[in-house]
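Structural description and commentary
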Protein chains: 2
Amino acid sequence: MARKTSGVSRREESLSRERIIEASIELLDKSGESGLTFRALSERLATGPGALYWHIANKSDLLTAACDAIVALTMNALLLDASPKAIIRTLALSLFDAIDAHPWVGSALTLAPGQVPMMRIVERLGQQIRALGVPSGEQWAAASALLNYILGVGGRNAANGQLARMRGLDRSEFLDAVSEIWSQLDPEEYPFARSMAGQMRAHDDRADFLAGIELILGGIDSLPRRGEGVSGV
Amino acid sequence: MARKTSGVSRREESLSRERIIEASIELLDKSGESGLTFRALSERLATGPGALYWHIANKSDLLTAACDAIVALTMNALLLDASPKAIIRTLALSLFDAIDAHPWVGSALTLAPGQVPMMRIVERLGQQIRALGVPSGEQWAAASALLNYILGVGGRNAANGQLARMRGLDRSEFLDAVSEIWSQLDPEEYPFARSMAGQMRAHDDRADFLAGIELILGGIDSLPRRGEGVSGV
DNA sequence: ACCTGAACACCGTTCAAGT
DNA sequence: ACCTGAACACCGTTCAAGT
């Protein structure tokens, strides 16, 4: 079936899984996770809540599908003709940016272990780990470390974003608030946090994220290596 | 009315924040995150839902407080007279085990960025990073990498646990199911995941978790170091 | 000060009934 | 096959009223 492009005119298009997911993403982007309800969604699609259940199994299925739409786009946009490490960095940063643009993706990923969106990421990561020449017995640990780190940052970013949104703060106001709280902690009990308070105000989440990726890549570098790594080509 | 459900009878004690948190933890441990409702909680405490609001602000506050009770116990039980790396490993494993025993802690941590429980972890981690001699400009990135990795694993563990519980599977049945799914993926599209399917069945989450910590520690090792490291003892 | 519990404004999900 | 929308069984939270 040949389908028309665009189609913001929801007048006569009939309901479909794709249209529901598309509308869900709009809702999630506009109002966050709490904004996605069957009532809001059915209103936006000019139908009843029950109609949605003809096309999707339940809310969890819907959220995962919306998440997968973003993740698939992100993974498929990757340029794969670079060194394994470069691809890993790009993959990580692309995901970081995608979660930054769609904070709900961070928690949706956490909520859907083993589902398609996660597998897309695992697979892409794993292939690069392999290409790095990591022995097969340690490939999973290496891929898993990167995955968990990325998901950890994603989840935290999502939570921070939601918190900031709730309080009506932009990123720099939010960092100022965090810095302020940290600087007022008890210096006996929280010497480290206090000493970091100043840095918090000006720090770059994205750069810190990449620094963490580098740490893990550095650790992978120091693993015993199989012969056929990249450098030898 | 015969008797209360098993040995949880606290007959005449009056309501208090501590008792509410204690009962919340029992509920969360028994029935997971969805088990914690104000109705179930007030029934268990033989009171009305409204009474709880005299002692706690809202559900988010309650979940964070329950989470903090576990995290505080875990952090305070750490033996601090070991090398920084050893302390970091112990801290990470203790948290892993705590989240394994109380899966809801994993997602509660993610949901409460910058709250007390998270700060306890950041602080303990940061102090060890400092003790490792990491230059102050990179301490945050290092602490943050460990924290995000730990939270990432925690969140995933929580999600896996909930999934397994929902389907009534124990850990080994769950791993079998994952392995089965992975082994049936399209070999063209998912070569890495397929090749890992066998390992999945027998793998040890805890060991993999620790391997990830080692990778990050290895990366930290290869950072340029200040003079006063541990090795000199 | 602390507790009660009905009431409010929501949820996700179901299902008989329509086309 | 697909959609409607009222109804069901829940939620978190509030608040007048009690002690």
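You'll find the structure just up there.
First, a word on scope: everything that follows refers to the structure included in this document. The model shown is predicted, which means the values in this text are computed figures rather than measured ones. (Residues numbered from 1 in each chain as written. Chains lettered and ligands numbered in written order. Predicted model: local features only at pLDDT ≥ 70, side-chain atom pairs only at ≥ 80, totals over all residues. Heavy atoms only, no water.)

1. Thoughts on the protein's contact with DNA strand D
In the vicinity of DNA strand D lie 17 residues, with T47 and H55 of chain A together with R39, Y53 and K59 of chain B positioned nearest. Sugar plus phosphate: this is where 52% of the atoms of DNA strand D within 4 Å of the protein reside. Between DNA strand D and W54 of chain A, the relevant distance is 3.3 Å, taken from a phosphate oxygen to a side-chain nitrogen or oxygen of the residue. Within the backbone of F38 of chain B, an N or O atom sits 3.1 Å from a phosphate oxygen of DNA strand D. Sorting the residues of the surface near DNA strand D by element identifies α3 (49-52) of chain A together with α2 (38-44) of chain B as the ones contributing at least two each. Ranked by residues supplied to the surface near DNA strand D, first place goes to α3 of chain A with three residues. For the surface near DNA strand D, the class distribution of residues is seven nonpolar, seven polar and three charged. (Near = heavy atom within 4 Å. Polar contact = N/O pair within 3.5 Å; in protein donor to acceptor, adjacent residues only side chain to side chain. Helix = DSSP H or I, 4+ residues; strand = E, 2+ residues; numbered from the N terminus. Nonpolar A, V, L, I, M, F, W, Y, C, P; charged D, E, K, R; others polar.)

2. Some points on the relation of the copies chain B and chain A
Mapping chain B onto chain A calls for a rotation angle of 180 degrees and an axial translation of 0.0 Å; the resulting RMSD is 0.0 Å. Such a combination of turn and shift is consistent with a two-fold rotation axis. Nearest to the rotation axis, the C-alpha of G152 of chain B is located 1.8 Å from it, this being the minimum over chain B. When the interface residues of chain B are mapped onto chain A, 100% of them again lie at the interface, so the same face is used by both copies. (Least-squares fit on C-alpha atoms with pLDDT ≥ 70 in both. Contact = heavy atoms within 4.5 Å.)

3. A short note on the packing of aromatic side chains
Going through the model one piece at a time under the given rule, you end up with eight aromatic pairs over all chains. Judged by centre distance (5.5 Å) and plane angle (75 degrees), the rings of W140 of chain A and W182 of chain B are edge-to-face. In this pair, W140 of chain A sits in helix α8 (residues 136-167) while W182 of chain B sits in helix α9 (residues 171-183), so the two residues belong to two different chains. Under the relative-accessibility criterion, W182 of chain B is labelled buried at 7%. Here a set of aromatic residues connected by ring pairs shows up, and it is made of F96, Y149 and F209 of chain A. (Phe/Tyr/Trp six-rings, centres within 6.5 Å; stacked < 30°, edge-to-face > 60°. Buried < 20%, exposed > 50% of the residue type's maximum accessible area, 1.4 Å probe, protein only.)

4. A few points about the protein's contact with DNA strand C
As a matter of local geometry, DNA strand C sits amid 17 residues, with R39, Y53 and K59 of chain A together with T47 and H55 of chain B nearest to it. What you see for DNA strand C is that sugar and phosphate hold 51% of its atoms within 4 Å of the protein. In the model, a phosphate oxygen of DNA strand C is placed 3.3 Å from a nitrogen or oxygen of the W54 of chain B side chain. Taken together, the elements giving at least two residues each to the surface near DNA strand C come down to α2 (38-44) of chain A together with α3 (49-52) of chain B. Among the elements that line the surface near DNA strand C, the one with the most residues is α3 of chain B, at three residues.

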